[in-house]
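Architecture at a glance
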Amino acid sequence: MISTIHALLMLAIIVFDGVISNGERPAVVNIGAVLTYESAIGRVAKAAIEAAVQDVNASKKILNHTRLNLIMEDSNCSAFIGAVAALKVLDKDVITIIGPQSSTIAHMLSYISNGFRIPLVSFAATDPSLSSLQYPYFIRMTQSDSYQMAAMADLIEYHRWKLVIAVFVDDDYGRNGIYALDDELNNRRLKISYKIVLPIGASRNKISELLENSKSFGPRVYVVHASPDSGLKIFHAAHELQMLADEFIWFATDWLTTTLDTFELSKTYSLNYLQGVVGLRQYIPPSRQKKAFKPEWNKLNAGVPSSKMNAYGFYAYDTVWAVAHAINDFLDNSGNITFTSSDQISDNRGQMRINMMKTFDGGELLRQKLLHQNFSGLSGPIRFDGDRNLISGNYEIINIYGSVMNTVGYWTNLTHLSLSFPDASQTNGQRNLSSSKVLGNITWPGGKTMAPRGWIPSTHARPLRIGVPRRLSFVQFVNISMDNRTLQGYCIDVFREVLKQLPYEVPYQFVPFGDGRSTPIYWSLVNMVADNEIDALVGDFSIVLNRTKLVDFTQPYISTALVVVVPTKSTKSSAWVFLRPFTVGMWCVTGAFFFLIGIVIWMLEHRVNKDFRGSPKQQCLTMFLFSFSTLFHSEQEETLSTLGRFVMMLPSSIKGIDSLIATNDPIGYQEGSFALGYMANSLKIPRSRLISYRTPDDYAEALWRGPKNGGVAAIVDELPYIEIFLETRSGFGIVGQPFTRSGWGFAFRRNSPLAVDLSSAILKLAENGDLQKIHNKWFCRKNCDHRADSSKPNQLHLSSFWGLFMICGIVAIAALLVFFLQSIRQFIHFKKQNRDNSSITSCSKTIYSFFDFIDEKEEAVKKLFKQQQCSSQPEVS
């Protein structure tokens, strides 16, 4: 009897195989689904999958009279129960499993699908690690969290926040999602500073306890990555702790919008504890298919009025159609649906029915057919990338305020943040998050529209350990007493003044470094900040490229550059230096004075020089031409300098860094300065030419000795040091133009928000002039112009010519006085000889007669006097 039944079964198998091999399609193909029915995603997905199976079976455009038979099991939010449910559907000879929605269950089922070579197509498992090569039969019919976390990192970077606190459930979905966020933040030089890890199924009290503990940390930017079924408890607890108030920022991944889109809750009840929250929603573009499906969904969901369609429901519906298209292609290509027993899963003792399960022979082919699908569904285009993920990466950015969720922007994996959803032409992938407005107005917790600072000083942490170098020289910048209790200097004053500008207190302590016998190596101090041995550095730290790769610098509080200093010799000018380029006032006074001299010369010369006589017009022209020729044809004197200033005359041919490089002379630099690396690596100056010095006295001695006597031709150092050096020493000057312009800043650990706040405070000090006041307190007490070849013209002022003008004036006045005395004497003598006693001459007539007299030529006056003498002598008989 048993042998007869066995023979009949074998005959049936042979007949069945013959039918399949002859290319006839099976009447029914079994597909499985494993879901959590009573969940925000599961209840919508279950209805969507059932509706999709009905639509596929009703369509005449697909499967050619082959029907899909859906076998569905409930995983009940448990990986163990989910695995049992998967084995149950596999026992029904399914060739594909749809689901699950949980990433944790998906990990378990992926091992099973690998073993039985059954494609596992999930519409809601977003864990990025499921895309690894470890799970070749897992196909993601939704967006990976790797996209979502990139969008979240862009949002944080856009608002210039450096540190965040991550809140997540301690399962595969939560951990791996936050791992992806951490990677994206690190790529942007941002950081998760603290993680709130919630146990699975955590109570409200436990959540409140963990949130309360996070208040003692500095960051106020929270990212919540939870499940739709339990995530709202986090915001309930935060609201009770008054953590949805000013200075707090809350971001939520797409679980929040999924929850709000799914449940028909009172808006006032559901949103009053979410005011100011910003979240992501998977973007489903509008389409005719989506619009036509809405009435059908309302009809199907009439029995479950508390649920509405969400994004995962659309993906679940499209998953059925993707499976149907793949099965259709599979049957067209192969036509065989066969299973084979495997020795690896057989149970020889027969105690379990697992030996009845078989692997799907066409699993690899069906997997390939699925991955090559390309059609348009309710959720948009259906295509897969090389990691078996749905190609999409589109998110809507929503802001909850009042009783609505406002869309404030979009994010795509090609264009990143944008105010409106980009069209197909905007696919250059360029990111510039801070150059223009790319998001709409966001209302933050507390009702403010200006983005909060996102950070406050931590009450949990110890005071900041701020490293300060104990300098051997140039102590005007940083000066530390021997007992380490007193610190002063320009850099210290700037830092303390900057802290006063912050709206909060920053506890700190200075930590001196150095033995006092030599200045510490600055590179080692920078590395200590990078290695978290200290928190920050205050001092004369130049902002150079290699250092910015290790630490974050503030805005420069002083501009600096490398300059070249050479020895000079000085010649003090005197009051008799007058041939220099003149100022405008000088030219005017000089011209007026020479015109005055011309008048005096005319008065002296017109009686004896025929060139100064003639009509009044001719005499005026003669005076003007004489003054003009005197002004522009004076003998050129040697050009010297201005009164009371030094004119530097360079004793060498060095005019700047270029001419210095061209020589083979040694060059000095400050010990420990970055100038060594710059000159050796960038300017290619041989290191054998570069000599280090410690103090300004070393500088002076080396420059005076010169390259031929064991010294150097020039010193190359930063401008602030050179200003101090030249302020206390004469005989040296700066030549050429500054190069490698940079600045000094305070150094902090990477991603420190203090660096941002202090930068704003430094700019504020610069704008109100306080920064310049601190600079003037420590520098430029005598003279800030230390250039040996000042680029400004050496113009002479009136004060430089007072001696010249005084002499000219005295000479002119003396000449006029002698002239008038001589003329008056001659006029009196003339009047005595021609006086008419019978007539009285008035004063005015006498004056007119005097001017007529001096207007006569000198020869005519002498001739007149001679005639008078001859006529006065008695005749001799």
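In this report, we go over the structure that sits alongside the text. (Residues numbered from 1 in each chain as written. Predicted model: local features only at pLDDT ≥ 70, side-chain atom pairs only at ≥ 80, totals over all residues. Heavy atoms only, no water.)

1. Observations regarding a nonpolar patch on the surface
Going by this rule: Surface patches are drawn from residues lacking salt bridges whose relative accessible area is over 30%; two like charges belong together within 9 Å, two nonpolar side chains (Val, Leu, Ile, Met, Phe, Trp, Tyr) within 5 Å. Each accessible area is a Shrake-Rupley result for a 1.4 Å probe, and residues are judged covered by the shown protein chains and nothing else. Only one rule defines a salt bridge in this text: a Lys or Arg side-chain nitrogen within 4 Å of an Asp or Glu carboxyl oxygen. Counting from the N terminus, the helices are DSSP H or I runs at least four residues long and the strands are E runs at least two residues long. Using a 1.4 Å probe on the protein chains alone, a residue whose accessible area is under 20% of its type maximum counts as buried, one over 50% counts as exposed, and one in between counts as partly exposed.
Together, Trp802, Met806, Ile807, Ile810 and Val811 make up a nonpolar patch on the protein surface, roughly 500 Å² of accessible area in all. If you trace the backbone, Ile810 turns up in helix 25 (residues 802–833). Under the relative-accessibility criterion, Ile810 is labelled exposed at 53%.

2. Focus: the pairing of strand 9 (residues 249–252)
Test applied: For two strands to pair, DSSP has to find at least two bridges joining them. Handedness of a crossover is defined as follows: orient the strands so they point away from the viewer, and if the path from the first strand over the helix to the second runs clockwise, the crossover is right-handed.
Alternating residues of strand 9 divide into Ile249 and Phe251 and Trp250 and Ala252, and every residue in both groups is buried. In terms of strand pairing, strand 8 (residues 221–225) meets strand 9 through 4 bridges, oriented parallel. Its bridge partner being in strand 9, Val221 is matched across the sheet by Ile249. Considered for its hand, the β-α-β crossover made up of strand 8, helix 8 (residues 232–240) and strand 9 is right-handed. Across 2 bridges, strand 9 lies against strand 10 (residues 278–282) in parallel orientation. Along strand 10, the bridge assignment pairs Ala252 with Gly279.

3. What about helix 22 (residues 719–727)?
To be explicit about the condition: Two residues form a contact once any of their heavy atoms are found within 4.5 Å.
When you tally the buried positions in helix 22, you get 8 out of 9 residues, the bulk of the element. For helix 22, the full list of buried residues reads Pro720, Tyr721, Ile722, Glu723, Ile724, Phe725, Leu726 and Glu727. The elements touched by buried residues of helix 22 are strand 24 (558–567), strand 27 (667–670), helix 21 (696–705), strand 29 (714–718), strand 30 (732–744) and helix 24 (770–778).

4. A short note on the sheet that holds strand 10
Counted only if it meets this: Axis definition: a line fitted to C-alpha atoms, over the contacting stretch in the case of helices. Angles run 0 to 180 degrees between N-to-C directions.
On the basis of which strands lie adjacent, the open sheet formed by 8 strands has the order 7-6-8-9-10-15-16-17 and mixed pairing. A strand with exactly one partner marks an edge of an open sheet, and here the two such strands are strand 7 (191–198) and strand 17 (416–418). Strand-to-strand, the axes of this sheet are offset by a mean angle of 30 degrees, without reference to chain direction.

5. Brief notes about the pattern of salt bridges
Two side chains bearing opposite charge may form a pair once their charged atoms approach each other closely. Considering all chains together, one arrives at 26 salt bridges under this definition. Residues Glu157 and Arg188 are paired through a salt bridge, measuring 3.6 Å at the closest nitrogen-oxygen approach. In this pair, Glu157 sits in helix 5 (residues 145–158) while Arg188 sits in the loop between helix 6 (172–187) and strand 7, placing the two residues 31 residues apart along the sequence. The partner of Asp515 in a salt bridge is Arg517, with the nearest N and O atoms 3.4 Å apart. The partly exposed category is assigned to Asp515, whose relative accessible area is 44%. What you see here is one network of salt bridges that share partners, running through Asp154, Glu157, Glu184 and Arg188.

6. Comments concerning the nonpolar core
Selection criterion: We define a nonpolar core as any set of buried Ala, Val, Leu, Ile, Met, Phe, Trp, Tyr and Cys residues linked to one another through side-chain atoms lying within 4.5 Å.
Grouped together as the largest cluster of nonpolar side chains are 73 residues, with contacts concentrated most on Ile49, Leu68, Ile97, Phe123 and Ile327. With 15 residues, the single largest contributor to this core is helix 12 (residues 311–333). In this structure Leu68 touches Val29, Ile31, Val53, Val56, Asn57, Leu63, Val320, Ala324 and Ile327, once residues within four positions along its chain are discounted. Ile480, Phe495, Tyr557 and Ile724 belong to the second largest nonpolar core, which has 54 residues in total.

7. Digging into unusual backbone geometry
With an omega of -5 degrees, the peptide bond between Gly99 and Pro100 qualifies as cis. Mapped onto the elements, Pro100 comes out in the loop between strand 3 (97–98) and helix 4 (103–116). Unlike most non-glycine residues, Glu247 shows phi in positive territory, near 80 degrees. Structurally, the position occupied by Glu247 is in the loop between helix 8 and strand 9. Phi at His416 takes a positive value of approximately 65 degrees, unusual for a residue other than glycine. Counting through the fold element by element, His416 comes out in strand 17.

8. Let's talk about the pairing of strand 2 (residues 67–74)
Pairing between strand 1 (residues 28–35) and strand 2: 8 bridges, direction parallel. By the bridge assignment, Val34 is partnered in strand 2 with Glu73. Once the chain exits strand 1 it traverses helix 2 (residues 40–58) before rejoining the sheet at strand 2, and the crossover so formed is right-handed.

9. A closer look at the packing of helix 2 against helix 11 (residues 288–300)
What counts is decided by this rule: Helix crossings get a hand from a simple test, with the near helix turned counterclockwise from the far one by less than a right angle marking a left-handed crossing and a clockwise turn marking a right-handed one. Polar here means any residue other than Ala, Val, Leu, Ile, Met, Phe, Trp, Tyr, Cys and Pro, which are nonpolar, and Asp, Glu, Lys and Arg, which are charged; Gly is therefore polar.
Following both chains from N to C, one finds helix 2 and helix 11 inclined at 115 degrees, their axes separated by 11 Å at the closest point. Every pair of crossing elements has a handedness; the one defined by helix 2 and helix 11 is right-handed. Seen from helix 2, the contacting residues are Val44, Ala47, Ala48, Ala51 and Asp55; seen from helix 11, they are Glu296, Trp297 and Leu300. Taken together, the residues of the contact of helix 2 with helix 11 break down into 6 nonpolar, no polar and 2 charged.

10. Focus: the packing of aromatic side chains
Here is the rule: A pair of aromatic rings is counted whenever rings of Phe, Tyr or Trp (Trp by its six-membered ring) have centres within 6.5 Å, and the orientation is called stacked for planes under 30 degrees apart, edge-to-face for over 60 and tilted otherwise.
Evaluation of the coordinates by the stated rule reveals 33 aromatic pairs. Centre to centre, the rings of Tyr508 and Phe510 are 5.2 Å apart; their planes meet at 65 degrees, and the pair counts as edge-to-face. For Tyr508, a relative accessible area of 28% puts it in the partly exposed group. A relative accessible area of 17% places Phe510 in the buried class. With centroids separated by 4.6 Å and ring planes inclined at 20 degrees, the aromatic side chains of Tyr557 and Phe746 adopt a geometry described as stacked. Of this pair, Tyr557 sits in the loop between strand 23 (552–553) and strand 24 while Phe746 sits in the loop between strand 30 and strand 31 (747–748); the two residues are 189 residues apart in sequence, bridging distant segments of the chain. A single burial state applies to Tyr557 and to Phe746, both of which are buried.

11. Concerning the environment of Cys620
If you trace the backbone, Cys620 turns up in helix 18 (residues 616–632). Exposure remark for Cys620: the relative accessible area of 48% places this residue in the partly exposed category. The spacing of Cys620 and Ile599 is 21 residues in sequence and 9.0 Å in space, taken between C-alpha atoms.

12. Re the sheet that holds strand 28 (residues 690–693)
Spatial ordering of the open sheet is given by 28-27-29-24-30, a layout of 5 strands whose pairing is mixed. The open sheet has two free edges, formed respectively by strand 28 and strand 30, since each of these has just one partner strand. If you compare each strand with its neighbour and ignore which way they point, the axes differ by 25 degrees on average. As paired elements, strand 27 and strand 28 share 4 bridges and run parallel to each other. Bridging across to strand 28, Gly668 finds its partner in Ile691.

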